[in-house]
Amino acid sequence: MSWEEKVRKVEPYVPGEQPKFSDMVKLNTNECPYPPSPMVEQELKLINEQEFRLYPDNEASELVHALAAYYHTDSNRVFVGVGSDDVLAQVFLTFFTNGQPLLFPEITYSFYEVWANLYKIPYKKLPLTEDWHLDGFTNPADQVGGIIFANPNAPTGIYEPVSYVEEVVKAHPDCVVVADEAYVDFGGESALPLTEKYDNLLVVQTFSKSRAMAGMRIGFAIGNEKLISYLKAVKYSINSYTMNTTSIRLGLAAVRDDAYFKTIVGKIVETREWFKKEMAALGFTFPDSMTNFVFVRHNRVSGKELYELLRTQNIFVRHFNDPLIDDYLRITIGTREQMERLLDFLRVYLG
Ligand SMILES: *Cc1c(COP(=O)(O)O)cnc(C)c1O
C-alpha cells in the first residue's frame, strides 16, 4: 500500500471567498459591516511586549469570566475557542463518539457534514419542511448519537422559538443537543436559559457576526458544568494554547461595550427589514430572516446567473452549488449604502 493510500482524505469545507478590491461590496460571508467597539481599538494600543513574548492564558480566564458575567452564569459553565468553528470541532470530537448517527438538518451550515466525515461520525440529514423550518428533531427516537442545528438556521435565516429547542432536548435526553446560535443576536431569543434546566444542551455562539470580530476568531459554548468539563478535557489534551492574548484582550473589551454592540445590531436589523421590502418589490421571495443575511430567489433569473453578474460589478454574494438551493443567493446585510448599490444594479437589470 502506498503512503498516499494511507492518507486521511476529506472533502474540504469551501468558505466564501475573501476578495480584496478597494471598491467592492462584500456581502458573501456574513461579516459585520461596522467596525468593532472603539474600546477594542483602545485596548489594542495597550498590548505590550509581554503579550507577544509570553504564552497566553490557556484558559482565557478573563474572557471566560466576562462572558459568564454577561450571560449571568458561572465561569465553569463557559468554554471558549478560536472561533465557534473551533468550539464546534471540539464538540464533535467530545460528544459524538458512540457510532450512533448524529442528526442535523439537510440544509444547514455545511461544516457539520465536513466534521462528521473527518471524525468518521455516522450521520443522518433531516429534510426541512416545505417552508424551510427544521423538521423531525422533536420526534423521540432511539439510537441517536447526537443532534446539532443552527438556530437561526443558515443559509435560510429561519429562527425556531426556544420552545422548539426545548421539545428537541426533551425528546432526546440520552444524547447531547447542540444549538449553534451564531446569528441569534439579530432578533432571536437564545436557548441559554434552558441550559440551567437540561444538562445535555449546549449553546454555541460567536463574536464573528454580531460583534464584528471575525478576524479575531472568538467563539464560545455555554452549558452544564459537566458538559463543559468534558469539552475542556478533550481540548487541553490536544491543543493547550489556542486563543492568543490579543484575541482574549480585545474580546474582553468588546463584551464590556454592550451599548455599542446593541447599536450596531440594531442598525443591521433595521437595514435588513428595509432591504426585505425593497427585495420583495423587485419580485424576490425569501424565508423571513432573523439573521444578518437574507436567502433570496427570483423566478426569472437563476441564482448562479445573478451571482456571476453581481461579481462583474464587484458585488460579492454567496451562491451554493447544492441542487437543493442553487436557485438561491445568500446576501449579507451590509450598510444601507452597500445595499443601495446592490439594489440599484438589480433595479436596472430586472427592470
Ligand atoms: C459563521 C458561523 C459559524 C462560525 O463562526 P466562527 O467565525 O468560527 O466563530 C458557526 N456556525 C454558523 C451557523 C455560522 O454561520
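Residues numbered from 1 in each chain as written. Predicted model: local features only at pLDDT ≥ 70, side-chain atom pairs only at ≥ 80, totals over all residues. Heavy atoms only, no water.

Undergrad: Please explain the layout of surface pockets as it appears in this structure.
TA: Over the atoms, a rolling probe the size of a water molecule traces out where space has been left empty. Here the largest pocket defines a volume of roughly 1,300 Å³. Surrounding the largest pocket, 49 residues form its lining, Tyr13, Val14, Tyr109, Ser110 and Arg318 being those nearest its centre. Of all the secondary-structure elements, those providing two or more residues to the lining of the largest pocket are α4 (83-95), β3 (102-105), α5 (111-118) and α11 (303-312). At five residues, the largest contribution of residues to the lining of the largest pocket is made by α5. (1 Å grid on protein atoms, 1.4 Å probe; cavity = no way out; pocket = protein on both sides within 12 Å on 5 of 7 lines; lining within 4 Å. Points joined across faces, edges and corners; volume = space filled by probe spheres on them. Helix = DSSP H or I, 4+ residues; strand = E, 2+ residues; numbered from the N terminus.)

Undergrad: Can you walk me through the nonpolar core in this structure?
TA: Nonpolar side chains in soluble globular proteins generally cluster together in the buried interior. Membership of the largest hydrophobic core comes to 52 residues, with the highest contact counts inside it found for Leu63, Leu67, Val80, Ile147, Leu201 and Phe207. Counting only elements with at least two residues in this core, the list comes to α3 (61-70), β2 (78-82), β5 (146-150), α6 (162-171), β6 (177-180), β7 (201-206), β8 (218-223) and α9 (245-256). With six residues, α9 is the single largest residue contributor to this core. In terms of domain composition, this core takes at least three residues from each of domain 1 (17-35 + 259-350) and domain 2 (38-256). If we ignore the near neighbours within four places in the chain, the residues touching phenylalanine 207 are Leu63, Leu67, Ala212, Met213, Ala214, Ile218, Phe220, Gly251, Ala254 and Val255. Grouped together as the second largest cluster of nonpolar side chains are 37 residues, Phe261, Val294, Ile315 and Phe345 included. (Core = buried A, V, L, I, M, F, W, Y, C linked by side-chain atoms within 4.5 Å. Buried < 20%, exposed > 50% of the residue type's maximum accessible area, 1.4 Å probe, protein only. Domains from an automatic or database assignment. Contact = heavy atoms within 4.5 Å.)

Undergrad: I would appreciate a short explanation of the site of the ligand in the present structure.
TA: Around the ligand, the surrounding shell holds 13 residues, and the nearest of these are Ser84, Tyr183, Thr206, Ser208 and Lys209. Contact between the ligand and serine 84: an oxygen atom at 2.6 Å from a main-chain N or O atom of the residue. Within the side chain of serine 208, a nitrogen or oxygen atom sits 2.6 Å from an oxygen atom of the ligand. When the ligand is considered free in solution it has 390 Å² of accessible area, and contact with the protein chains removes 93% of it. If you map the ligand onto the pockets, it falls in the largest pocket. Looking at which element gives the most residues to the shell around the ligand, the answer is α4, with four residues. By residue class, the composition of the shell around the ligand is five nonpolar, four polar and four charged. (Near = heavy atom within 4 Å. Polar contact = N/O pair within 3.5 Å; in protein donor to acceptor, adjacent residues only side chain to side chain. Areas by Shrake-Rupley, 256 points an atom, 1.4 Å probe, with all protein chains shown as cover. Sits in = over half its atoms within 2 Å of the grid points. Nonpolar A, V, L, I, M, F, W, Y, C, P; charged D, E, K, R; others polar.)

Undergrad: Hey, could you run me through the side chain of histidine 298 in this one?
TA: Summarising the element assignment, histidine 298 is placed in strand β10 (residues 293-298). A polar contact is formed between the side chain of histidine 298 and the backbone oxygen of leucine 282, at a distance of 2.9 Å. Reaching out from histidine 298, the side chain makes a polar contact with the backbone nitrogen of arginine 300 at a distance of 3.1 Å. Apart from the residues lying within four places of it in its own chain, the contact partners of histidine 298 are Leu282, Gly283, Phe284 and Leu350.

Undergrad: Would you mind showing me how to read the pattern of salt bridges here?
TA: Pairing of side chains with opposite charge becomes possible as their charged atoms draw close. A full pass over the atoms with the stated rule returns 18 salt bridges. In this structure, glutamate 51 and arginine 249 form a salt bridge, with 2.4 Å as the shortest nitrogen-oxygen distance. Residue glutamate 51 is found in helix α2 (residues 49-53), and its partner arginine 249 is found in helix α9; the two are separated by 198 residues along the sequence. Here arginine 77 and glutamate 196 are joined by a salt bridge, their closest N and O atoms 3.5 Å apart. Taken together, the positions of arginine 77 in the loop between α3 and β2 and glutamate 196 in helix α7 (residues 194-197) put the pair 119 residues apart, joining distant regions of the chain. Judged by relative accessible area, which is 8%, arginine 77 ranks as buried. Here glutamate 196 falls in the exposed class, since its relative accessible area comes to 55%. Each of Arg272, Glu273, Lys276 and Asp288 takes part in one network of salt bridges that share partners. (Salt bridge = Lys/Arg side-chain N within 4 Å of Asp/Glu carboxyl O.)

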